[in-house]
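As a plain string of letters, each chain reads:
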Amino acid sequence: MAPPLSAEAFLDALRAEGVTVVEVGDWREHNRNHKGPWGPVHGVMIHHTATRGTEATVRICRDGRPDLPGPLCHGVVTKDGTVHLVGHGRTNHAGLGDDDVLRAVIAEKALPPEDEADTDGNRHFYGFECENLGDGADPWPEAQLTAVEKVAAAVCRHHGWTERSVIGHLEWQPGKADPRGFPMAWLRGRVRDRLK
């Protein structure tokens, strides 16, 4: 069981990993903590936004949508590899997912197929939204992929986790497809190599 990083420790961990960070407004206090606890944390979840354009993407991830209040993640990884911090604490990114997957993440074992939505993921995962249409055709620039690798590694390094603590939304919640455009096993391999 790991308590979540403080806002300052989170920022420091990202910068120590070489992440280019933009702090957006009151991100340190912007959260959904009134809806339930944040923590203990067990992993990092990666998403795609299904949006285009940095300004609009960051705004949606910070403020939310009519059907889902923001923040929708902790950080937004834009196409140029910049990470925009939009929230700290509980955020609306993971939703309900599979308790078997959570147990596998905690044990850092191979993930079982996700076939239930019975466990609060917003409580247990750091969330990073990545600017991408998620249509399988929108490219993932190398700068962006490197930033995704770095943010995942930064959090894992701080908590002493391996790459097995990094999952995609599609591995957590039945019916989700994100992130689409690269395999999570490939990303975990990059995180593993960075953590060596």
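Above: the structure in question.
Residues numbered from 1 in each chain as written. Predicted model: local features only at pLDDT ≥ 70, side-chain atom pairs only at ≥ 80, totals over all residues. Heavy atoms only, no water.

Right, let's talk about the overall build of the protein for a bit. Counting secondary structure elements, the protein contains six helices and 10 strands. By the compact-globule yardstick of 16 Å for 196 residues, the protein fits well, its C-alpha radius of gyration being 15 Å. Its C-alpha atoms put the protein at 35 × 35 × 35 Å along the principal axes. For the protein, the proportion of contacts with a sequence separation of at least 24, taken over those separated by at least 6, is 72%. (Helix = DSSP H or I, 4+ residues; strand = E, 2+ residues; numbered from the N terminus. Rg over C-alpha atoms; globule rule 2.2 N^0.38 Å. Contact = heavy atoms within 4.5 Å.)

For the rest of this paragraph, the subject is unusual backbone geometry. The linkage connecting Gly39 with the following residue, Pro40, adopts the cis geometry, with an omega of 0 degrees. Within the secondary structure layout, Pro40 lies in the loop between strand 1 (20-23) and strand 2 (43-48). The omega torsion of the bond from Gly70 to Pro71 falls at 0 degrees, within 30 degrees of zero and hence cis. Mapped onto the secondary structure, Pro71 falls in the loop between strand 4 (68-69) and strand 5 (75-77). Positive phi, close to 60 degrees, is recorded for Ala50, a residue that is not glycine. Tracing the sequence through the fold places Ala50 in the loop between strand 2 and helix 2 (54-63).

Structurally, the position occupied by Asn122 is in helix 4 (residues 121-124). Ignoring sequence-local partners within four residues, the contact set of Asn122 consists of Trp38, Arg90, Thr91, Asn92, His93, Ala94 and Gly95.

Looking now at the pairing of strand 6 (residues 82-85). Taking every second residue as pointing to the same face, both faces of strand 6 are buried, with Thr82 and His84 on one and Val83 and Leu85 on the other. By the bridge criterion, three bridges tie strand 5 to strand 6 in an arrangement that is antiparallel. The partner of Val76 across the bridge, within strand 6, is His84. Where strand 5 folds back onto strand 6 in an antiparallel hairpin, the turn is made up of four residues, including Gly81, whose phi is positive at roughly 90 degrees. (Buried < 20%, exposed > 50% of the residue type's maximum accessible area, 1.4 Å probe, protein only. Pairing = 2+ DSSP bridges.)

Moving on, we get to the environment of Trp140. Inspection of the secondary structure assignment puts Trp140 in the loop between strand 9 (125-130) and helix 5 (142-159). For Trp140, a relative accessible area of 12% corresponds to the buried category. Spatially, the C-alpha atoms of Trp140 and Phe182 are 8.4 Å apart, while their sequence positions differ by 42 residues. Aside from chain neighbours lying at most four places away, what touches Trp140 is His48, Cys130, Asn132, Leu145, Pro179, Arg180, Gly181 and Phe182. Within polar-contact distance, the side chain of Trp140 engages the backbone oxygen of Arg180 at 3.1 Å. (Polar contact = N/O pair within 3.5 Å; in protein donor to acceptor, adjacent residues only side chain to side chain.)

Before going further, it helps to spend a moment on the nonpolar core. In this structure, Phe10, Ile46, Tyr126, Phe128 and Val166 are the most contacted members of the largest nonpolar core, which totals 35 residues. A per-element tally of this core places helix 5 first, with nine residues. Those residues within four positions of Val166 in sequence are excluded, and the remaining contacts are Val44, Ile46, Ala152, Cys156, Met184, Leu187, Arg188 and Val191. Counting residues in hydrophobic clusters, the runner-up holds eight residues, among them Leu102, Val105, Phe125 and Trp172. (Core = buried A, V, L, I, M, F, W, Y, C linked by side-chain atoms within 4.5 Å.)

Here we come to the sheet that holds strand 5. Overall, mixed pairing links the six strands, which are arranged 1-6-5-9-2-10 in an open sheet. Of all strands in the sheet, those bounded by a partner on one side alone are strand 1 and strand 10 (166-168). When the angles between neighbouring strand axes are averaged without regard to direction, this sheet yields 30 degrees. Bridge analysis of strand 2 against strand 10 gives three bridges, and the strand direction is parallel. If you follow Ile46 over to strand 10, its bridge partner there is Gly168. (Axes fitted to C-alpha atoms, helices over the stretch in contact; angles between N-to-C directions.)

This part is about the pattern of salt bridges. A side chain with one charge can pair with a side chain of the opposite charge if their charged atoms come near. Per the counting criterion, the structure on display carries 18 salt bridges. Residue Glu23 pairs with Arg15 through a salt bridge whose shortest N-O separation is 3.4 Å. A single network of salt bridges, built from pairs that share partners, joins Glu17, Glu142, Glu149, Arg157, Arg190 and Arg194. (Salt bridge = Lys/Arg side-chain N within 4 Å of Asp/Glu carboxyl O.)

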